[in-house]
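One letter stands for each residue in the lines below.
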Amino acid sequence: MQYDMLLSPIKAFLHAETPQAWVDKAKLAEHQETLLVDHMICELKAAQTAMLLIRRYAVDKESGEALQEWLTPYNDYVYRKKGDWKKLSNNNQLSKKIVAKADVVYSQDLIDKMVLLIKEELHHFYQVVEIMQDRNISFDFIGSSRYAKELLKHVTTHEPDTLIDKLICSAYIEARSCERFAKIAPYLDPELNKFYLSLLRSEARHYQDYLSLAEQIAGKNISPRIRYFGKIEAELITSSDPDFKFHSGAPIS
């Protein structure tokens, strides 16, 4: 398979493979709408996570407000049902220059990696919305799955370890997304198959960016911490889960 080389480090990074029961449920036509809506929201949440990291750790207040303003039309569309989705295609650029904190050595690197990630996630968000519009898929508010919430419960409360833990968690979320896109793509219709496969390269790079930032900021060996979160993530993915979403665990039925 042409994506084996791309997926090999991700499979090695993750501590468990997606259960076949999840794949079997995800590939059914009756669940495509649920997954597309959740995928759309996941792309927005990924952009929000990156934005919050920049605001919290790397920029001044004015730059933080510009970042928040950048994502406002997307938040309005999803959570308030406001705005024209077509106009979002013209909103994938920052309106102001972002100023890095001079006293934070990693600030510019974090900004560079996270701004690129935000741009890509917002582009993916728009692509999902386009597909949903073409298929006349509407959506109501969908609550979060247990996955990210439970993972983040284990983040420590003292800096800089809090930031390092958040980056490790984000690396696992991006890696799992990539693994699941690859898992279900072969079973989907040609349009979704092509779309999901097109996402693999960027998702793979996102997990590597988060991990490299965590290692850079730590300045020490963080392998034990990476393994710690890997075990938690694997348990969330393989254990029974009454919910069914893009990052849910093994389906109960």
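We now examine the overall build of the protein chain. Helix and strand counts for the protein chain stand at nine helices and two strands. Of the regular secondary structure in the protein chain, the N- to C-terminal order runs α-α-α-α-α-α-α-α-α-β-β. Computed over its C-alpha atoms, the radius of gyration of the protein chain comes to 18 Å, within 12% of the 18 Å expected for a compact globule of 253 residues. Once the C-alpha set of the protein chain is aligned to its principal axes, its extents read approximately 50 × 45 × 35 Å.

Evaluation of the coordinates by the stated rule reveals 14 salt bridges. Here Lys 113 ties to Asp 109 by a salt bridge, and the two come within 3.0 Å at their closest N and O atoms. With Lys 113 and Asp 109 both in helix α5 (residues 107-134) and four residues apart, this pair spans about one turn of that helix. Among the residues examined, Asp 109 registers a relative accessible area of 25% and is labelled partly exposed.

Below, the discussion takes up the confidence of the model for the protein chain. Looking at the protein chain as a whole, its pLDDT mean stands at 93, while 98% of the residues score no less than 70. Ranking the helices and strands of the protein chain by mean pLDDT puts helix α9 (residues 223-238) first, with 98, and helix α1 (residues 4-13) last, with 91.

Here we take up the nonpolar core. In this structure, Met 40, Ile 54 and Tyr 196 are the most contacted members of the largest nonpolar core, which totals 89 residues. If one sorts the elements of this core by residue count, helix α8 (residues 190-218) sits on top with 14 residues. Every residue in contact with Met 40, bar those within four places of it in the chain, is listed here: Tyr 77, Val 78, Phe 125, Val 128, Val 129, Met 132 and Phe 139.

In the structure shown here, the tally under the stated rule is 13 aromatic pairs. Where Tyr 74 meets Phe 125, the ring centres are 5.5 Å apart and the plane angle is 80°; that geometry is what we call edge-to-face. Highlighted residues: Tyr 74 in helix α4 (residues 61-79) and Phe 125 in helix α5, separated in sequence by 51 residues. On the accessibility criterion, Tyr 74 (0% relative accessible area) is buried. One aromatic cluster in this structure is built from Trp 22, Phe 181, Phe 195, Tyr 196, Phe 244 and Phe 246. The aromatic ring of Tyr 187 is capped on one face by Lys 27, whose charged end is 4.5 Å from the ring centroid. The lysine or arginine in question, Arg 180, covers the ring of Trp 22, its NZ or CZ lying 4.0 Å from the ring centre.

It is worth spelling out the side chain of Thr 162 at this point. Mapping Thr 162 onto the fold places it in helix α7 (residues 161-184). The class of Thr 162 is buried, set by a relative accessible area of 9%.

Further remarks concern the packing of α7 against α8. Viewed as axis vectors pointing N to C, α7 and α8 meet at an angle of 160°, and their least axial separation amounts to 8 Å. As judged from the angle between their axes, α7 and α8 are roughly antiparallel. Crossing geometry of α7 relative to α8 is assigned as left-handed. Its residues placed into classes, the contact of α7 with α8 shows 21 nonpolar, three polar and two charged.

With that out of the way, let us pick up the environment of Gln 68. For Gln 68, the location among the structural elements is in helix α4. With a relative accessible area of 39%, Gln 68 lands in the partly exposed category.

Below, the discussion takes up the side chain of Thr 156. With respect to the secondary-structure elements, Thr 156 resides in the loop between α6 (146-152) and α7. On the basis of relative accessibility, which here comes to 19%, the residue Thr 156 falls in the buried class. A distance of 3.1 Å separates polar atoms of two side chains, one belonging to Thr 156 and the other to His 158.

How each quantity is defined
Residues numbered from 1 in each chain as written. Predicted model: local features only at pLDDT ≥ 70, side-chain atom pairs only at ≥ 80, totals over all residues. Heavy atoms only, no water. Helix = DSSP H or I, 4+ residues; strand = E, 2+ residues; numbered from the N terminus. Rg over C-alpha atoms; globule rule 2.2 N^0.38 Å. Salt bridge = Lys/Arg side-chain N within 4 Å of Asp/Glu carboxyl O. Buried < 20%, exposed > 50% of the residue type's maximum accessible area, 1.4 Å probe, protein only. pLDDT = per-residue confidence, 0-100. Core = buried A, V, L, I, M, F, W, Y, C linked by side-chain atoms within 4.5 Å. Contact = heavy atoms within 4.5 Å. Phe/Tyr/Trp six-rings, centres within 6.5 Å; stacked < 30°, edge-to-face > 60°. Lys NZ or Arg CZ within 6 Å of the ring centre and 35° of its normal. Axes fitted to C-alpha atoms, helices over the stretch in contact; angles between N-to-C directions. Parallel < 35°, antiparallel > 145°, perpendicular 65-115°, else oblique. Left-handed = near helix turned anticlockwise from the far one by under 90°. Nonpolar A, V, L, I, M, F, W, Y, C, P; charged D, E, K, R; others polar. Polar contact = N/O pair within 3.5 Å; in protein donor to acceptor, adjacent residues only side chain to side chain.

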